[in-house]
Structure formats: C-alpha cells, structure tokens
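Residues per chain are reported as follows:
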Amino acid sequence: MTPFMIAALGLLMVGTAFLSGLFGMAGGLILIGVLLALMPLPTAMVLHAITQMASNGWRALLWRAHIRWRPVANYMVGCAVALAAWSLTRYVPDKPMALLLLGVTPFMARLLPANIKPDPDRLWQGTVYGTICMGLMLMTGVSGPLLDTFFLGGDFGRREKVATKAMCQLVSHFTKLIYFGGVIDQAASLDPVLAGVAILASMLGTTLARRILEAMTDQQFIAWSNKLITTIACYYIAYGGWLLLRTDVAAAFDKGGLQ
C-alpha cells in the first residue's frame, strides 16, 4: 500500500478505536467494512484482528479494575470449541456474504425474547455464547452486537461492560488471527509497517475516548450505542445486497442470460 493509503487507514483506525472506546463496539463494525472493500478477505481479517487486539487489549488495560473475570473464562471455553470446529472445515465466506452477515448480526441479538436474560457467570451459557460469537467472528470479523447479549443477565455498569467485553474481544480477535493467519489454506500475511500503524492508532483512539466515557451516563451510553449500531448494520445489509446482486447480474451477462 502507498504511504498515503497507510496514513489514511491510520486515521480511520484512530476514529474507529475512539468509537469502540466509547461504546465497546461500532468501531470494529466500521473498520472491517472498509478493509473488506480494500483488500482480500483473509488479509482484511488479519489486519482487523491485529487492530482490534491492540484496541481491546489497551482498553482492557485502562479499565482493568472493572473486568469481571469469570464471564471472560466462560467465554474462552466457547472460543476454543468454535476454533476447533471451524478448523475442520476451513470455510472462508465471500465478501457479499460476509457483509450481509455483518449487517444482520446486530438484529440477531434483538430477536431474543425480552424475558431471556443470559447469566454470564454460568459456564454452559458462556460456552454457548462464546461458540456462537466466535463462529460469527470467523465469518464476518466481528461479533460485538451479539456479544452484548452475553452481559444482559449480569449486573454490569458501563465501565464493567466495556472492560469485560474488551477482554472477551481480545480473546476472540486473537483466535481470529490464528485462524486467518495460519489455519486456512489461503492464510494471509501482513506488511509490518501497516501492522505497527494499526497498533499505535488503535491505542491512541482508545485513550482519547476514556475521558468522554467517564462523563457519560449509563442511559446515554445505551441510547447512543443502539442508534449507532442500527445505522451501521442497515448500511452493510444494503451494501452486501448490492454486491450480491451485482455479482449475480454480471454472471448472467457472462452466460448470455441477459441481452
């Protein structure tokens, strides 16, 4: 990539890490969509994993006093189950499918009945959510909106939610890095300069968000999170659908089906 492109991506990563630092989500959703548009899917997944590991790892360090470790341990069991299962098939979705799944994921979380509240402290629930979220992570690059439901049954304030989710996401993205960087047949490599820019930009954006998160109320946190996620999800559904339609139309022209 050219120096200009690397600099532009660095600025984008600062902005997306800032969003994730505020809401514990959203930044990763935006970043993976841009990366999928610029590079092959395995490469986009590896760069996204490194960026999000830096962002979530730094966020977890900044808020380490608020991490709830039992839910993290339960979630890690599910991640291990998912990695083992996906390593058997080595499935890699195409870009339109990945974008559609990316857009649908937040709405999947909202389909849960209101009376169902997961208990993050239960091992079996952590395993189920960890397995499902890690499966989505390997198909779309993110699982944040669905991961939010993992904390619904627990007594989490905004600081505990951001800190504990950051630790879970660190585990998820590290698992994704292993999968796309070494397990699949078309394993990706990455420019070390771009990787370094991604790490520094993510740490900077996360640091800048800390003071604003402190000033927010829990009600503001929830309201803005829902609006932001819904807007981004709808965009990816439209974009993925358009790519899928364009691919189908192009294939029809190639076969002589449309004149």
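Residues take numbers from 1 onward in each chain, read along the sequence in its written order. The predicted origin of the model limits local features to residues at a pLDDT of at least 70 and limits the giving and counting of side-chain atom pairs to 80 or more, whereas totals for whole chains, interfaces and linings rest on all residues. Values reported for side chains reflect all heavy atoms of the structure, with hydrogen atoms and water molecules removed beforehand.

- The name recorded for the protein chain in an unreviewed UniProt entry is Probable membrane transporter protein, from Bradyrhizobium cosmicum.
- UniProt positions are given in the numbering used here, feature names are shortened, and annotations may be inferred rather than shown by experiment. Listed in UniProt under the heading Sequence similarities (unreviewed entry), the comment for the protein chain reads: "Belongs to the 4-toluene sulfonate uptake permease (TSUP) (TC 2.A.102) family."

**Looking at helix 6 (residues 123-140)**
- Secondary structure elements are taken from DSSP: a helix is a run of H or I of four residues or more, a strand is a run of E of two residues or more, and numbering for both begins at the N terminus. Expected span of a helix, by definition, is 1.5 Å for each gap between consecutive residues, and there is one gap fewer than residues. Taking 1.5 Å per residue, 18 residues should reach 26 Å; helix 6 reaches 25 Å between its end C-alpha atoms and fits that length.
- Burial analysis of helix 6 places 13 of its 18 residues in the buried class, which makes it a mostly covered element.
- Looking one or two places after helix 6, you find glycine 141, whose phi comes out positive at around 95 degrees. Per-residue accessibility, obtained with a 1.4 Å probe over protein chains only, is compared with the maximum for each type, and a residue is labelled buried under 20%, exposed over 50%, and partly exposed between these values.

**A look at the pattern of salt bridges**
- We define a salt bridge as a contact between a side-chain nitrogen of Lys or Arg and a carboxyl oxygen of Asp or Glu at a distance within 4 Å. Taken as a whole and assessed by the stated rule, the structure comprises two salt bridges.
- Residue arginine 68 is joined to glutamate 160 by a salt bridge in which the shortest nitrogen-to-oxygen separation is 3.5 Å. With arginine 68 in the loop between helix 3 (41-62) and helix 4 (69-89) and glutamate 160 in helix 8 (residues 158-183), this pair connects stretches of sequence that are 92 residues apart.
- In this structure arginine 68 comes out as partly exposed when scored by relative accessible area, which is 24%.

**Here's the deal with the packing of helix 1 (residues 3-23) against helix 9 (residues 192-215)**
- Between helix 1 and helix 9, whose axes approach to 7 Å, the crossing angle comes to 35 degrees. At the point where helix 1 passes helix 9, the crossing takes the right-handed sense.
- Throughout, the ten residues Ala, Val, Leu, Ile, Met, Phe, Trp, Tyr, Cys and Pro are labelled nonpolar, Asp, Glu, Lys and Arg are labelled charged, and all others, Gly among them, are labelled polar. Looking at the contact of helix 1 with helix 9, its residues break down into 17 nonpolar, five polar and no charged. Axis angles are defined between N-to-C directions and span 0 to 180 degrees, where every axis is a line fitted to C-alpha atoms and, for a helix, only to the segment in contact. For any helix crossing, the convention is left-handed if the near helix is rotated counterclockwise from the far helix by under a right angle, and right-handed if that rotation is clockwise.

**Thoughts on the confidence of the model for the protein chain**
- pLDDT measures how confident the predictor is about each residue, on a scale from 0 to 100. For the protein chain, the mean per-residue pLDDT works out to 81, and 86% of the residues sit at or above 70.
- Ranking the elements of the protein chain by mean pLDDT puts helix 7 (residues 144-148) last, at 69, and helix 4 first, at 91.

**Some thoughts on the packing of aromatic side chains**
- Aromatic rings from Phe, Tyr and Trp, taking only the six-membered ring of Trp, are treated as a pair when their centres fall within 6.5 Å; an angle between ring planes under 30 degrees marks them as stacked, one over 60 as edge-to-face, and anything in between as tilted. By the definition in use, this model includes four aromatic pairs.
- Plain terms: the ring middles of tryptophan 86 and tyrosine 91 are 6.1 Å apart, the flat faces sit at 40 degrees to each other, and that makes the pair tilted.
- Judged by its relative accessible area of 17%, tryptophan 86 falls in the buried class.
- A connected cluster of aromatic rings, assembled from ring pairs, spans Tyr235, Tyr239 and Trp242.
- Geometrically, a charge over a ring is one whose NZ (Lys) or CZ (Arg) sits within 6 Å of the ring centre while staying within 35 degrees of the ring normal. One Lys or Arg, arginine 210, reaches over the ring of tryptophan 63 and ends 5.0 Å from the middle of that ring.

**Description of the environment of lysine 165**
- When you line up the elements, lysine 165 lands in helix 8.
- What makes lysine 165 buried here is its relative accessible area of 1%.
- Separated by 18 residues in the primary sequence, lysine 165 and leucine 147 have C-alpha atoms spaced 7.8 Å apart.

**Observations regarding the UniProt feature "transmembrane region" (unreviewed entry) in the protein chain**
- Mapped onto this structure's residue numbering, the UniProt feature "transmembrane region" (unreviewed entry) falls at residues 29-51, 72-92, 98-116, 128-147, 193-213 and 225-245.
- Across residues 29-51, helical content stands at 91% and strand content at 0%; the span's end C-alpha atoms are separated by 12 Å.
- Its end C-alpha atoms 31 Å apart, residues 193-213 is made of 100% helix and 0% strand.

**Focus: a nonpolar patch on the surface**
- Each patch is built from residues that are more than 30% exposed by relative accessible area and take part in no salt bridge. Like charges join if they lie within 9 Å; nonpolar side chains (Val, Leu, Ile, Met, Phe, Trp, Tyr) join within 5 Å. The accessible surface values rely on the Shrake-Rupley method and a 1.4 Å probe; as for residues, cover is taken only from the protein chains in view. On the surface, Val77, Val81 and Leu123 cluster together to form a nonpolar patch covering roughly 230 Å² of accessible area.
- When you line up the elements, valine 81 lands in helix 4.
- A relative accessible area of 39% means that valine 81 is categorised as partly exposed.

**Considering the side chain of asparagine 56**
- Within the secondary structure, asparagine 56 is located in helix 3.
- Taking relative accessible area as the criterion, asparagine 56 reaches 2% and is therefore assigned buried.
- When near neighbours in sequence (up to four residues on either side) are disregarded, asparagine 56 contacts Ala166, Gln169, Leu170 and His173. By definition in these notes, contact holds between two residues if any of their heavy atoms fall within 4.5 Å.

**Things to note about unusual backbone geometry**
- With a phi angle near 55 degrees, arginine 90 is a residue other than glycine that sits in the positive phi range.
- Here arginine 90 lies in the loop between helix 4 and helix 5 (95-110).

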